[in-house]
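Architecture at a glance
Spelled out, the chains give:
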Amino acid sequence: MRNLTLLTDLYQLTMMNGYFNENTHEETMIFDVFFRQNPSRGGYTVVCGINEVIDYIENLHFEEEDIAYLRSLNTFDDAFLDYLKNFKFTGEIYAVEEGSVMFPNEPLLRVKAKAVEAQFIETAILCIINFQSLIATKSSRICQVAKDDVVMEFGLRRSQGPDAGIYGAKAAIVGGAQGTSNVLTGKLFNVPVMGTHAHSWIQKFDSEIEAFRSYAKTYPDKTILLIDTYDTLESGLPNAITVFKEMRKAGHEPLGVRIDSGDLEYLSKEVRKRLDEAGFENVKITASNDLDEYTLIDLKLQGAKIDSWGIGTKLITSSDWPSLGGVYKLVAVEKDGVIKPKIKISESPEKITNPGYKKIIRIYNKENNKAEADLIMLNHEIVDTSKPLTIFHPVYTWKRKTYKNYYIKELLQPLFVDGKCVRKKKTVLEYRDYAFSEKNSLWPQYLRLSNPEPYKVDLSEELWNIKNTLINKKRHRRDV
């Protein structure tokens, strides 16, 4: 396991040094991780990367060479550097389950720890969760359009570096993809690896049919042929059908063909027609070539005969929305056992934070198990589910909704307690199943790719009052 301790911004360390010099480094601080906008202007975000946060926190320590490097910067006091020699995380982290569907301004991870610990881990946590959640959400959107079709992640060669390729592929599977071309991801996370051959395989041989025959001979029960190297309909498909007939005579059935260029709608229809006429109704058609959810929508509306999709560049880079923009904000400090809420106020209303030591509950309809709304509350608040529950819009407070036949789920659950991980990891495929069930709990209007209905995320009355009291106090001081 790699030591990512120095995967941080310099200002985390300068602030830690400052806390240490002021002898406030062991005071308790509480931070929330949340995002302000769903990727691609969609209706939800799939949270991913919690397992890697566990790995990071468990391996958090400064090596001798780390201390030596920091000393060479001539920025930190010797006493502080000596303190770092025994540094580790000893606090508390609560987080949602990997694969959870979440919405803007909801804490998906909450940290309560000594000031130096809580401050230090900000950058790495955001680096991990922002990227993986972005790719998991992009994959979820693509798989939503693909429906029952197979979606394969093919983006390694176009990813922004090895880590993005590895963990982006993992996140794509959490989001719904059935497999990846990335062999290292397959090994690390025990997920299916998929792929056939490249155009170079065809070009290497003197003829296309010779290349097809050689591949079919090597993989007689896994034959999928790439048919667009020279001419899809006049060369690739006829040669593929010839080889398929030869395979059938030898007792083997081909699996499919792949098209990687051209008019995929027209070509797939023609390929399907000719394969069926040749008696290969069960041969599947795979398409690739710079695809995303928008291309898939168009192709499906046009009746394209495509059974599976290889999605590369636009998935692994989330090309239309390259950053999630999650943040890590101080929401409270604790002194002598008393929690004091903290708020960040901005000229931009959407950047005003929700103060306090908080939790989130999700409200479900008992009749159909659909998620109705989320309520952000102070941690000590309790909902009596035997009584009606009324929530209100945090801005347009006259908008109210009362639930009677409902049940709730608390979303933030223990991840670390007293510095020890208390949550058992699951497999990537289990997280994919969980993400699927989470999406199934949402009404269709929240799942629209464009112009979705905003999901209800409200504040409890007590939290709303604290927030507005703090805003008014800060405004009064500024006016004076």
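Residues numbered from 1 in each chain as written. Predicted model: local features only at pLDDT ≥ 70, side-chain atom pairs only at ≥ 80, totals over all residues. Heavy atoms only, no water.

The next thing to look at is unusual backbone geometry. A positive phi is found at Asn289, a non-glycine position, where the angle reads about 110°. On the accessibility criterion, Asn289 (37% relative accessible area) is partly exposed. Of note, the phi angle at Asp336 is positive, near 55°, even though the residue is not glycine. You can see Asp336 is positioned in the loop between strand S12 (327-335) and strand S13 (338-341). (Buried < 20%, exposed > 50% of the residue type's maximum accessible area, 1.4 Å probe, protein only. Helix = DSSP H or I, 4+ residues; strand = E, 2+ residues; numbered from the N terminus.)

Next up on the list: empty space enclosed by the protein. Scanning the entire structure with this criterion turns up 1 cavity of 30 Å³ or more. Lining the largest cavity, in full, are Val33, Phe34, Phe35, Leu108, Leu126, Ile129, Asn130, Leu324, Gly326 and Val327. The set of elements that each furnish at least two residues to the lining of the largest cavity consists of strand S1 (28-34) and helix H6 (122-146). With 3 residues, H6 is the single largest residue contributor to the lining of the largest cavity. The residue makeup of the lining of the largest cavity, split by class, is 8 nonpolar, 2 polar and no charged. (1 Å grid on protein atoms, 1.4 Å probe; cavity = no way out; pocket = protein on both sides within 12 Å on 5 of 7 lines; lining within 4 Å. Points joined across faces, edges and corners; volume = space filled by probe spheres on them. Nonpolar A, V, L, I, M, F, W, Y, C, P; charged D, E, K, R; others polar.)

Taken from the UniProt record, the annotation "domain: Nicotinate phosphoribosyltransferase N-terminal" (unreviewed entry) applies to residues 6-130. In this annotation, residues 6-130 is assigned 42% helix and 17% strand; the end-to-end C-alpha distance for the span is 18 Å. (UniProt positions renumbered as here; feature names shortened; annotations may be inferred.)

Moving on to the domain arrangement of the protein chain. For the protein chain, the assigned domains read domain 1 (10-136 + 322-474) and domain 2 (196-289). Relative to domain 2, the C-alpha centre of domain 1 lies at a distance of 49 Å. (Domains from an automatic or database assignment.)

Our focus in this paragraph is the UniProt feature "domain: Nicotinate/nicotinamide phosphoribosyltransferase" (unreviewed entry) in the protein chain. UniProt records the feature "domain: Nicotinate/nicotinamide phosphoribosyltransferase" (unreviewed entry) at residues 151-351, using the numbering of this structure. Helix makes up 41% of residues 151-351 and strand 16%, with an end-to-end C-alpha separation of 36 Å.

This paragraph deals with the side chain of Gln119. Tracing the backbone shows Gln119 in helix H5 (residues 115-120). Of the residues examined, Gln119 reaches a relative accessible area of 5% and is grouped as buried. Side-chain polar atoms of Gln119 contact the side chain of Tyr19, separated by 3.1 Å. For Gln119, the contacting residues outside a window of four places in its chain are Gln12, Met15, Tyr19, Met29 and Phe31. (Polar contact = N/O pair within 3.5 Å; in protein donor to acceptor, adjacent residues only side chain to side chain. Contact = heavy atoms within 4.5 Å.)

Before going further, it helps to examine the layout of surface pockets. Counted as a void, the largest pocket has a volume near 1400 Å³. Asn105, His393, Pro394, Val395 and Val457 are the residues nearest the centre of the largest pocket, which is lined by 47 residues in total. The set of elements that each furnish at least two residues to the lining of the largest pocket consists of S1, strand S16 (389-392), strand S17 (400-403), strand S21 (457-459) and helix H16 (461-479). Take the lining of the largest pocket: its biggest share by element is 7 residues, from H16. Class assignment for the residues of the lining of the largest pocket results in 20 nonpolar, 10 polar and 17 charged. One number sums up the size of the second largest pocket: a volume of about 1100 Å³. Along its surface, the second largest pocket is lined by 35 residues, and Phe154, Gly195, Thr196, His197 and Arg258 are the ones closest to its centre. Contributions of two or more residues to the lining of the second largest pocket are made by strand S8 (224-226), strand S9 (256-259), strand S10 (284-287) and strand S11 (308-311). Of the residues belonging to the lining of the second largest pocket, the class tally is 13 nonpolar, 14 polar and 8 charged.

Turning our eyes to something else, we now look at the sheet that holds strand S5 (residues 109-114). Pairing is antiparallel across the open sheet formed by 7 strands, whose spatial order is S13-S12-S1-S5-S3-S19-S20. Edge positions in the sheet fall to S13 and strand S20 (420-421), since each has one partner strand and no second. Note: strand S19 (residues 413-417) against S20, 2 bridges, orientation antiparallel. Counterpart to Phe416 in the pairing with S20 is Cys421. Contacts from helix H2 (residues 50-58) reach strand S3 (92-95), S5, S19 and S20, with the element oriented near 15° to S19. (Pairing = 2+ DSSP bridges. Axes fitted to C-alpha atoms, helices over the stretch in contact; angles between N-to-C directions.)

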